[in-house]
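Inside the fold
The lines below spell out each chain.
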Amino acid sequence: MDRNKLEEKLQNLRAKLVWLETEEAEKIRLKRIAADMGDDYRENEGAKLVMEEHNLLHLRVFNLKKEILETKKRLIAAKK
């Protein structure tokens, strides 16, 4: 990839990360409230599903950050 495409990809990845960390995290927060998550959420099926979604969100954020880092490395290499 050339430099411009890498910079555009990096910008898109950062925008997606911001979206995940704000809007998607807020949706999960509201679901947690609606699922009535108490101290022992293991007995609550709705809460289990929300926690699974919460964990998947964190996995998506982690993978996105990893992809951003790899894109930055490729961009630095392309500048040389």
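All of the points below concern the structure found in this document. (Residues numbered from 1 in each chain as written. Predicted model: local features only at pLDDT ≥ 70, side-chain atom pairs only at ≥ 80, totals over all residues. Heavy atoms only, no water.)

Let us look at the environment of I28. Relative to the elements of secondary structure, I28 occurs in helix 1 (residues 3–34). Given the relative accessible area of 4%, I28 is considered buried. Contacts of I28, omitting those with residues within four sequence positions, involve V50, E53, H54 and L57. (Helix = DSSP H or I, 4+ residues; strand = E, 2+ residues; numbered from the N terminus. Buried < 20%, exposed > 50% of the residue type's maximum accessible area, 1.4 Å probe, protein only. Contact = heavy atoms within 4.5 Å.)

What follows concerns helix 2 (residues 45–79). Each full turn of the α-helix corresponds to 3.6 residues, which orients residues three or four apart in the same direction. For helix 2, built from 35 residues, the straight-helix expectation of 51 Å at 1.5 Å per residue is met to within 8% by its first-to-last C-alpha distance of 51 Å. If you check which residues of helix 2 are buried, you get A47, V50, M51, H54, L57, V61, L64, I68, T71 and L75. Taken together, the buried residues of helix 2 touch helix 1. (Expected span 1.5 Å × (residues − 1).)

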